[in-house]
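# Analysis of the macromolecular model
Given next are the chains, with one letter for each unit.
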Amino acid sequence: MTDDRRWMYRRRGPRGDYDDEFFNGLQQFFDFVYSRPGVHPNAEIRCPCSKCGNLPHHNRALVTDHLLRYGFMDAYSVWWAHGETLSNNVDPWFAASDVASSSNIEEHVNAADDFHHMVYDAFCPSEYDRHRNETEFASENVGDAPNRHAQSFYDLLRASTIPLGPASNDQTLLGWLSYMLHTKAKNNISGVGYNEIIHGCRKLLSPEDQQKVPSNFYEAKKFMKNLGLGYVKIDACVNNCFLYYGDEAKSLIACPVCGEPRYKRCNSAQTRKKDRPRNSLWYLPIIPRLQRLYMSRKTAEHMTWHLKCRVDSEILIHPAQSAAWKHFDAVHPSFAADPRNVRLGLATDGFNPWGHSSRSYSCWPVFIVVYNLPPEMCMRPEFTFLTLVISGPKSPGKNIDVFLRPLIDDLKQLWSSGVETFDSFRKQNFTMRAMLMWTITDFPGYGMVSGWSTHGRLSCPYCMEMTRAFYLQNGRKISFFDCHRQFLPASHSYRMDTTQFLKGRCEFGPPPPRLDGHSVRLRVAALPDVLFGNPSVNQTIFGFGETHNWVKRSIFWELPYWEDNLIRHNLDVMHCEKNFFDNIIHTVMDDSSSKDNVKSRMDLPLYCDREELQLYYDRSGSLCKPNASYALNTDKKRCLCTWLKHVRFPDGFASNIARCVNLAELRLVGLKSHDCHIFMQRLIPIAFRGLLPDSIWGPLTEVSNFFRALCSPNVNIKDMAVWETKIVEIICKLERIFPPSFFDCMEHLAIHLPFEARIGGPVQFRWMYPIERQMHKLKQTIGNKNHVEASIVEAYILNEITEFCSRYFGADVETSWSKPPRNFSAVPLYRNTEFSIFACPGHPMGSHSQTRCLTAQEMKAAELYVLLNCREVDALLDIFDREVGVYMTPSDPHKARTRSFVTWFKDRVLNGHHEGNGVLQYLALGPSWTVNVYREEIFQDEEPPSTQSNEHSSNLASTECMDLHAEGATVVDLNENVNDDVDENASEGNDGYETRSDASGDSSETE
């Protein structure tokens, strides 16, 4: 607060009377307001008292009375609502929070106040000012009544004050109706089911209140629809070549490109039905949805969170810290000057609303992601806006540009001129601008939005025409085998290897250059115009597949800033990881989808020098395929499948992978993307150890570590630079093991993923997992499968309304913002425990099935687990580290605790060093050898416990849970801990990998 405005919050003197300084300040305030040009001396002005909050207008006398009675509203040291600009000594982005941090005026005890403010947040304050006088004149029978939009505003405002039921003074019609619609949307209740619930609720109300409540779902939705933001239905050509968009196209009755009629004519001349369009696009305008993020006081403050996190750090937790964000700020400083300007991402993918049925249908929703928000809000469904719904039944393909036209026009407007928006947090009107950072799609979708086809030999959008990919003669597919040695350092030994890669070939060439945005723009500008849809002429651009893979000039190049983005289209890590894993697991399991098939072996003599794997004929003349060292035999496959059938994970960590194990056929079926994600990063080092030779297990483990580091929520820039070089060597190691048919484009794209992580930030903001979940929710909302797209849009609009209302519900209402934790239990599992580790809430699932004795290995794991996760032992852990630190090697300091801390702790405590400390005495005695076994136990804890001091170690859950009873204390342990550490020395030097079998807890085998 500025020094000369402190009188505003010193209304009364020491004796309780009004301070003279306050009266003088009021005179100063009114002199400033009424001295502004165009302000009449008798004009009504906004009332800045703490009760009115600058919303209503009053005359000077009433404003004076309010300020004397209630004082000025908080955080109003700058009179922005009365024409004053921000002074130089006030932070323009946080001036509104100088007083609000101590007393937040947005918090209200009465629920009616919350819904009253919700209506103001839904309608722009400028509209409130514009329609205010209309209502006052209408009440005095002067002039016209409010227009329809203004009337809907006042209807909702009136509903926020109408009490419902005599016993609930704080319940209003708007609040109750918002809650009922929220319940319907959250539980996906049908319209008929909602009507039955409302019919039962109305019987509990008085006849007077029954007249207030809408009697069915249609009336309720009609009443609440003005809180939503609506959509526009645009007709399109049936061949996807033209959009009837704009004033000139509205009158057309046939496509100007292909001549197909616009409407499907009704056969009967007597019917009253209108002609229906043959194809349609549903567009949900993005501009009002972005404006509401600032108009709502629940989200406006968070929209500038990115300004606080932009510190120079090597650890990236948000795209705002990335090089892509900073580079754009440097190129466009006028855009970066206002942190309220919005950064967006575009995501799209297709899905079949009928699941895996034989009916072919592809519906394509397009989403917009807002990156101004904090990490915990950024990718939430509430802020991932559905913008377009492209009708099926076929994928739009490269014609997607036709349907993106309305969105691109809005993006160009948001960049060039911006839109006036009210910031409810700072109580300011400002010009909001926005820019699109990148797109998020799977690899086929990458080709649709970028214009560079992702099929064929030139499918890599980074290597482009400089790729070394080739066509397999017998496999009849593109292989990226031996395309990666050119990325190695010039002195690397692999470059001169003529036997393990393409036979007789050395690599001397440099890696392909990465083109910047300006270079790509020059290439795109030279492309000829392409007609979209299904014209009869050939649309293939000359040289396609030989010198380039362009199929069109993408519509995104119409954005003036598109070439300034360092990353324009993201490679989807989710699909890259899944396809990479599929190739590994099918080849290792040697099933019907293996990349090591007969045709692959027929190609080996043509490209590789691996005589031991070549096909041969036996004495009977039958063609035989030699067993490969990377393929499991029947016994090993049965061992792996049996282990997977019984593996268990912590609750909520992964799905039940056991359902994907077919013991009869010894194969894995039905693995979802997240199952592959877990298997790739957590199970490969454990599952294949001992089943594959160390020379094969090692590179596969390095691949696992690579994707685990890549998917970390905190990206270290230096680590990504190391992985950018290391992944090339890992792929080269795999090329020395697997046949050429193993290496399709997905294995090759892995070498470009660290670059995108280093430039764009964590992959969690740039992959398809949240988008896939959104599409799954959209599929669940389809009520009429004859009108899939319309059903999706109507359900989304309702969900948008209820989600907006849910932000204003009380804390007692469960919403997406106040959802309890998974398997919530407010009662500690053991109420009388003396140890902090066992005081966490939880409950056993089912009664204990049996009682048994621990093995010596289980007892050791139980003692180590408890001591390393009990806060009462932290002081002794520090003493232990100091005493044994001189004996620890720098490369492996964490093993000291694992190997000797339990013995050291017992000797120290039981020998009298800590007499009188009953807690430590109990812990030193250890658990009982007899345990009660449960099927599973659920815990709520802030951080997962660890079994080692190594911060990179992780634990898989047990197949059973046990109560471990000590002398006077009860201890709970998760049995069969698994440590999937990989020896860092494995990647150094040759390809030899030493297998660790230390029983002290360093082994990766299941205990």
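These notes cover the structure that comes with them. Note that the structure is a prediction, hence the values are computed from the model and not measured.

Procedures and definitions
Residues numbered from 1 in each chain as written. Predicted model: local features only at pLDDT ≥ 70, side-chain atom pairs only at ≥ 80, totals over all residues. Heavy atoms only, no water. Helix = DSSP H or I, 4+ residues; strand = E, 2+ residues; numbered from the N terminus. Buried < 20%, exposed > 50% of the residue type's maximum accessible area, 1.4 Å probe, protein only. Contact = heavy atoms within 4.5 Å. Areas by Shrake-Rupley, 256 points an atom, 1.4 Å probe, with all protein chains shown as cover. Axes fitted to C-alpha atoms, helices over the stretch in contact; angles between N-to-C directions. Parallel < 35°, antiparallel > 145°, perpendicular 65-115°, else oblique. Left-handed = near helix turned anticlockwise from the far one by under 90°. Nonpolar A, V, L, I, M, F, W, Y, C, P; charged D, E, K, R; others polar. Polar contact = N/O pair within 3.5 Å; in protein donor to acceptor, adjacent residues only side chain to side chain. 1 Å grid on protein atoms, 1.4 Å probe; cavity = no way out; pocket = protein on both sides within 12 Å on 5 of 7 lines; lining within 4 Å. Points joined across faces, edges and corners; volume = space filled by probe spheres on them. Salt bridge = Lys/Arg side-chain N within 4 Å of Asp/Glu carboxyl O. Expected span 1.5 Å × (residues − 1). Pairing = 2+ DSSP bridges. Arc of directions from axis to C-beta. Phe/Tyr/Trp six-rings, centres within 6.5 Å; stacked < 30°, edge-to-face > 60°. Lys NZ or Arg CZ within 6 Å of the ring centre and 35° of its normal.

So, about the overall build of the chain. The number of helices and strands found in the chain is 32 helices and 27 strands. In the chain, which comprises 1007 residues, the share counted as buried stands at 52%. Nonlocal contacts in the chain, meaning residues at least 24 apart in sequence, comprise 68% of its contacts between residues at least 6 apart. Roughly 46300 Å² of accessible area belongs to the chain as shown, and the carbon and sulfur atoms make up 50% of that amount.

Right, let's get into the packing of helix α24 (residues 717-735) against helix α26 (residues 753-760). Contact geometry for α24 and α26: axes closest at 8 Å, N-to-C directions at 165°. Comparing the axis directions of α24 and α26 gives the class roughly antiparallel. The crossing of α24 and α26 is left-handed. For the pair formed by α24 and α26, the contact residues are Ile 717, Met 720, Ala 721, Trp 723, Glu 724 and Ile 727 on the first element and Pro 754, Phe 755, Ala 757 and Arg 758 on the second. Here the contact of α24 with α26 is built from residues that sort into 8 nonpolar, no polar and 2 charged.

Attention shifts here to the side chain of Asn 240. By the secondary structure assignment, Asn 240 is in the loop between β3 (232-235) and β4 (263-264). Taking the relative accessible area as the measure of exposure, Asn 240 reaches 12% and is therefore buried. Within polar-contact distance, the side chain of Asn 240 engages the side chain of Asn 279 at 3.1 Å.

What follows deals with the layout of surface pockets. The computed volume of the second largest pocket comes to approximately 1400 Å³. Taken together, 45 residues form the lining of the second largest pocket, with Ala 185, Lys 186, Thr 781, Ala 795 and Asn 799 sitting closest to its centre. The set of elements that each furnish at least two residues to the lining of the second largest pocket consists of α6 (173-187), α9 (217-224), α10 (286-295), α27 (769-780) and α28 (788-806). In terms of residues, the lining of the second largest pocket owes the most to one element, α28, which gives 12 residues. Along the lines of polarity and charge, the residues of the lining of the second largest pocket split into 14 nonpolar, 17 polar and 14 charged.

Turning to the pattern of salt bridges, a few remarks are in order. A complete count under the given rule lists 35 salt bridges for this structure. Here Lys 625 and Asp 590 are joined by a salt bridge, their closest N and O atoms 3.8 Å apart. Placement of Lys 625 in the loop between β18 (623-624) and α21 (634-646) and of Asp 590 in the loop between α19 (573-589) and α20 (598-607) is noted, with a sequence separation of 35 residues between them. A relative accessible area of 29% places Lys 625 in the partly exposed class. Two residues, Asp 675 and Arg 659, come together in a salt bridge whose shortest N-O distance is 2.7 Å.

Glancing now at helix α29 (residues 856-868). Its 13 residues place the ends of α29 19 Å apart at the C-alpha level, agreeing with the 18 Å of an ideal helix rising 1.5 Å per residue. With 10 of 13 residues buried, α29 lies mostly within the body of the structure. Buried within α29 are the following residues: Glu 858, Met 859, Ala 861, Ala 862, Glu 863, Leu 864, Tyr 865, Val 866, Leu 867 and Leu 868.

Across the sheet, which stays open at both edges, the 7 strands sit in the order β3-β6-β10-β9-β8-β13-β16 with mixed pairing between neighbours. Of all the strands in the sheet, just β3 and β16 (569-570) have a single pairing partner and so form its edges. Direction of pairing for strand β8 (residues 342-348) relative to strand β13 (residues 434-440): parallel, over a ladder of 6 bridges. Among the inter-strand pairings, Arg 343 is bridged to a residue of β13, identified as Met 435.

Our next topic: the environment of Pro 489. In this fold, Pro 489 is placed in the loop between β15 (478-479) and α18 (517-525). With relative accessibility at 39%, the residue Pro 489 sits in the partly exposed group. For Pro 489 and Pro 510, which are 21 residues apart along the polypeptide, the C-alpha to C-alpha distance reads 9.0 Å.

The next point concerns the environment of Leu 472. By the secondary structure assignment, Leu 472 is in the loop between β14 (470-471) and β15. Overall, Leu 472 belongs to the buried group, its relative accessible area being 1%. Here the alpha-carbon distance between Leu 472 and Pro 740, two residues 268 residues apart in the chain, equals 8.2 Å. Discounting residues that sit within four places of it in the chain, Leu 472 has contacts with Lys 477, Ser 479, Asp 603, Tyr 607, Pro 740 and Ser 741.

Within strand β9 (residues 364-370), 7 of the 7 residues are buried, which leaves the element mostly enclosed by the surrounding structure. Side-chain alternation along β9 places Trp 364, Val 366, Ile 368 and Val 370 on one buried face and Pro 365, Phe 367 and Val 369 on a second face that is also buried. In this structure, β8 lies alongside β9, joined through 5 bridges in antiparallel fashion. For Thr 348, the partnering residue across the bridge sits in β9 and is Val 366. Where β9 meets strand β10 (residues 384-390), 6 bridges bridge the pair, whose relative direction is antiparallel. Its bridge partner lying in β10, Ile 368 is registered against Phe 385.

In this fold, Arg 262 is placed in the loop between β3 and β4. Overall, Arg 262 belongs to the buried group, its relative accessible area being 7%. There is a polar contact of 3.0 Å between the side chain of Arg 262 and the side chain of Asp 235. Once residues within four sequence positions are removed from consideration, Arg 262 is found in contact with Asp 235, Tyr 244, Ala 249, Lys 250, Ser 251, Leu 252, Ile 253, Ala 254, Arg 276, Pro 277 and Arg 278.

Residue pairs three or four apart in sequence face the same way in an α-helix, which turns once every 3.6 residues. Across its 13 residues, α21 extends 19 Å between first and last C-alpha, which sits within 8% of the 18 Å expected from 1.5 Å per residue. Residues of α21 that are buried: Lys 637, Leu 640, Cys 641 and Leu 644. The buried residues of α21 occupy an angular sector of 95° when the element is viewed end-on, so they sit on one face. Against α19, β19 (661-662), β20 (667-668) and α22 (673-687) lie the buried residues of α21.

So, on to the packing of aromatic side chains. Applying the stated criterion across every chain, the model contains 39 aromatic pairs. Each ring, one from Phe 328 and one from Tyr 561, has its centre 5.8 Å from the other, and the planes form 90°; the classification is edge-to-face. Of this pair, Phe 328 sits in helix α12 (residues 323-331) while Tyr 561 is found in the loop between α18 and β16, placing the two residues 233 residues apart along the sequence. Owing to a relative accessible area of 1%, Phe 328 belongs among the buried residues under this scheme. Taken together, the ring pairs in this structure connect Trp 7, Phe 22, Phe 29, Phe 30, Phe 32, Tyr 34, Phe 72 and Trp 79 into an aromatic cluster. The ring centre of Phe 217 lies 4.6 Å from the NZ or CZ of Lys 184, which sits over that ring.

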